[in-house]
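Residues per chain are reported as follows:
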Amino acid sequence: MIRFQDVCKSYPDGTEAVRDFTLEAPTGKTTVLVGSSGCGKTTLLRMVNRMVDPTSGAVWIDDENVADVPPVPLRRRIGYVMQNAGLLPHRKVIDNIATVPLLNGVPKAQAHARAAELMELVGLEARQANRYPDQLSGGQQQRVGVARGLAADPNILLMDEPFGAVDPLVRADLQAELLRIQRELEKTIVFVTHDIAEALALGDQIVILAKGARIAQAGTPQQVVAEPADDFVADFLGLGRGTLDLHLRETPTGTLVVDGHGRPAGRLVEPG
Amino acid sequence: MTWVLNNLELIGSRTLSHLLLAIPAIVASFVLALPLGWVANRYRWSRATLLTAAGLLYAIPSLPLFVVLPSVLGFGVRDRINVIVALTLYGLALMVRSAADALASVGMPVVLSSTALGYSAAGRFFAVELPLAGPVLLAGLRVVSVSTISLVTVSSLLGVDNLGLLFVDGFQRGIIAEVLTGIMATVALALIVDGLLVLAGRALMPWTKARR
């Protein structure tokens, strides 16, 4: 469990990135922080592994205040996946994945064996192990990023818009893979995105943020869509603008789900 | 050509002396430029100060420097140390800027992500920033190497043994072949060392080839 307790972050020039933020990210669940750019969501994420220290308030991992843990060992036990994967361009794929275990002093052979397992888990082919990141596609690089985040078998995985830079088809693919991996591994994930569809697809808990990391609404995907707390949330979700206001339309070939503009959003099928 | 064939031994020993002056100076300016370049990038005030100071070194006329250094350092006029120190200063003039630019060329995302992985500051410098600065460092080092190998010859005016002595001596005694040999051997040496640096770069930075 990760707990943000009355966290503030202000900078010397007076900007307040985060004001009085309190939230609990439950163990083994995915919490998605969603908001427009500049709302402070990345700042919040970086407070968990002390890339940013709060000006006041505290971040707890279970019963441990992260401020009491030296940053370097703390970061080595928290997985981190970022946009554009943030891979080390001078290291082969296998070495990128094995980075944290190697930093932790795991023998090279063992770290590489573990990295090979992870490549399989995230859907990379074994022959890609000896390539350099620049020789992979964006989607493949992102898979390497996820594998690297999982390499030290951390309880916590922080994901900062990890699928933001890949095309929509690949993104959907990566989201599905993440759901599958999460069902298997049950990590405590904090996921940052500005894409509400991604938030609804991945989150057990959705936290919609306004400027200064003010929580506009927190709840399950069902709660936020069914009962948006205010106009800001409804607007952010796209309710009232038609994109999420769906209805059914019968066609000769089956029932279509259509959005408020009359555009097809999907089709109706039997669950299962 | 006959002159060359009759004096192979002399050319060989002069080449060796030439390298013994140039290589320590190249290595020293590279090694010293790294921390200076790092400091230059670290603080706002330090970049302008250090880069300007380093650049000014290049404005010092070389011959007077070779003459003055012995009395400053306390070694004999023809001691190799004077030459190596002078060449190192000129090397630094070029290399400090290269080192600062090279370290600045490492992308912020990769620095952030390696911090997030749990590299300590020092670990990150040696495992991530230094290797990724490699291509720009190498470009700077190649300029320093060629420039140093050619500058060595100035010291031959003071009688220090190196390939430059061939054209000083050849000029004084009117032996054109000796002058030409001195010039061509200096150029050839610069090209060979440059080629070796390129090969070393490829061996040490295999990822740069993969990128293309």
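Only a predicted model underlies this, so the values are computations on that prediction, with no experimental measurement involved. (Residues numbered from 1 in each chain as written. Chains lettered and ligands numbered in written order. Predicted model: local features only at pLDDT ≥ 70, side-chain atom pairs only at ≥ 80, totals over all residues.)

### Thoughts on the nonpolar core
The condition is simple: Throughout this description, the term nonpolar core refers to a group of buried Ala, Val, Leu, Ile, Met, Phe, Trp, Tyr and Cys residues whose C-beta atoms join them within 7 Å. Burial in this document is a count-based property: other C-beta atoms within 10 Å of a residue's C-beta are tallied, and the residue is buried at 20 or more, exposed at 12 or fewer, or partly exposed in between, with C-beta positions derived from the backbone. Note on conventions: DSSP H or I runs of at least 4 residues are helices, E runs of at least 2 residues are strands, and numbering of each starts at the N terminus. Think of it this way: build a C-beta for each residue from its backbone, and any pair within 7 Å is a contact.
Of all hydrophobic cores here, the largest spans 120 residues; its most connected members are A:I97, B:L87, B:V96 and B:A99. At 16 residues, the largest contribution of residues to this core is made by helix α5 (residues 80-104) of chain B. Look past the residues within four positions of B:V96 in its chain and what remains in contact with it is B:A33, B:L36, B:G37, B:A40, B:L50, B:L51 and B:A54.

### Re the UniProt feature "domain: ABC transporter" (unreviewed entry) in chain A
Selection criterion: UniProt positions are given in the numbering used here, feature names are shortened, and annotations may be inferred rather than shown by experiment.
Sequence positions flagged by UniProt for "domain: ABC transporter" (unreviewed entry) are, in local numbering, residues 2-237 of chain A. With 38% helix and 25% strand, the stretch residues 2-237 of chain A has end C-alpha atoms that lie 26 Å from each other.

### Remarks on the packing of α5(B) against helix α7 (residues 121-151) of chain B
All names here are of chain B. Short version of the rule: Note on geometry: axes are C-alpha line fits, over the in-contact stretch for helices, and angles between N-to-C directions span 0 to 180 degrees. When an angle is under 35 degrees it counts as roughly parallel; over 145 it counts as roughly antiparallel; between 65 and 115 it counts as roughly perpendicular; any other value is oblique. If you view the pair so one helix is near and one far, a crossing is left-handed when the near helix is turned anticlockwise from the far one by less than a right angle, and right-handed when it is turned clockwise. When residues are grouped by polarity, Ala, Val, Leu, Ile, Met, Phe, Trp, Tyr, Cys and Pro land in nonpolar, Asp, Glu, Lys and Arg in charged, and all others, Gly among them, in polar.
At a closest axis distance of 8 Å, the pairing of α5 and α7 adopts a crossing angle of 155 degrees. As far as their axial angle goes, α7 and α5 are roughly antiparallel. α5 and α7 meet at a crossing whose hand is right-handed. Across the interface between the two elements, L87, Y90, G91, L94, M95, S98, A99, D101, A102 and L103 from α5 touch E129, A133, V136, L137, A139, G140, V143, V144, S147, T148 and L151 from α7. Residues of the contact of α5 with α7, tallied by class, amount to 14 nonpolar, five polar and two charged.

### Quick look at the environment of A:R114
Residues and elements named next belong to chain A. With respect to the helices and strands, the residue R114 is situated in helix α5 (residues 108-121). The spatial distance from the C-alpha of R114 to the C-alpha of I94 is 9.5 Å, given a sequence separation of 20 residues. In this structure R114 touches P101 and A151, once residues within four positions along its chain are discounted.

### Let's talk about the interface of chain A and chain B
Facing 18 residues of chain A, the contacting portion of chain B comprises 17 residues. Sorting the residues of the side of chain A that touches chain B by element identifies α2 (71-76), β6 (78-82) and α4 (99-103) of chain A as the ones contributing at least two each. By residue class, the composition of the side of chain A that touches chain B is nine nonpolar, six polar and three charged.

### Some details on the UniProt feature "transmembrane region" (unreviewed entry) in chain B
All names here are of chain B. Residues annotated by UniProt as "transmembrane region" (unreviewed entry) correspond here to residues 19-38, 50-69, 81-100, 106-127, 139-159 and 179-204. Taken as a whole, residues 19-38 contains 100% helix and 0% strand, while its terminal C-alpha atoms sit 28 Å from one another. Overall, residues 81-100 shows 100% helix and 0% strand. The separation of its end C-alpha atoms is 27 Å.

### Re helix α4 (residues 62-73) of chain B
Residue and element names in this part refer to chain B. We count it as follows: Here a helix's expected span is defined as the number of its residues, less one, multiplied by 1.5 Å. Taking the helix axis as origin, the arc is that swept by the directions to the C-beta atoms.
Here α4 contains 12 residues, and its C-alpha end-to-end distance of 16 Å stays within 8% of the 16 Å for a straight helix at 1.5 Å per residue. Taken as a whole, α4 has its buried residues at L65, F66 and L69. All buried residues of α4 lie within an arc of 100 degrees about the axis, which places them on one face of the element. Opposite the buried face of α4, at more than 90 degrees from it, the exposed residues are L63, P64 and S71. Buried positions along α4 lie against α5. Taken from the residues just after α4, G74 is the one with a positive phi, measuring 85 degrees.

### Some remarks on the environment of B:L103
Residue and element names in this part refer to chain B. For L103, the position within the fold is in helix α5. A sequence separation of 20 residues divides L103 from G123, and the C-alpha atoms of the two residues are 15 Å apart. Discounting chain neighbours no more than four positions away, the residues touching L103 are G37, W38, N41, E129 and A133.

### Describing helix α6 (residues 108-117) of chain B
What α6(B) keeps buried is the set B:S113, B:S114, B:T115, B:A116 and B:L117. Directly after α6(B), the chain includes B:G118, whose backbone phi takes a positive value near 110 degrees.

### Examining the packing of helix α2 (residues 8-42) of chain B against α7(B)
Geometrically, a packed helix pair is captured by the angle between its two axes and the distance between the axes. Residues and elements named next belong to chain B. Packing of α2 against α7 brings their axes to within 10 Å, and their N-to-C directions diverge by 145 degrees. The crossing of α2 and α7 is right-handed. In this structure, α2 contributes A22, A25, I26, S29 and F30 to the contact, and α7 contributes L141, V144, S145, T148 and I149. Residues belonging to the contact of α2 with α7 are distributed by class as follows: seven nonpolar, three polar and no charged.

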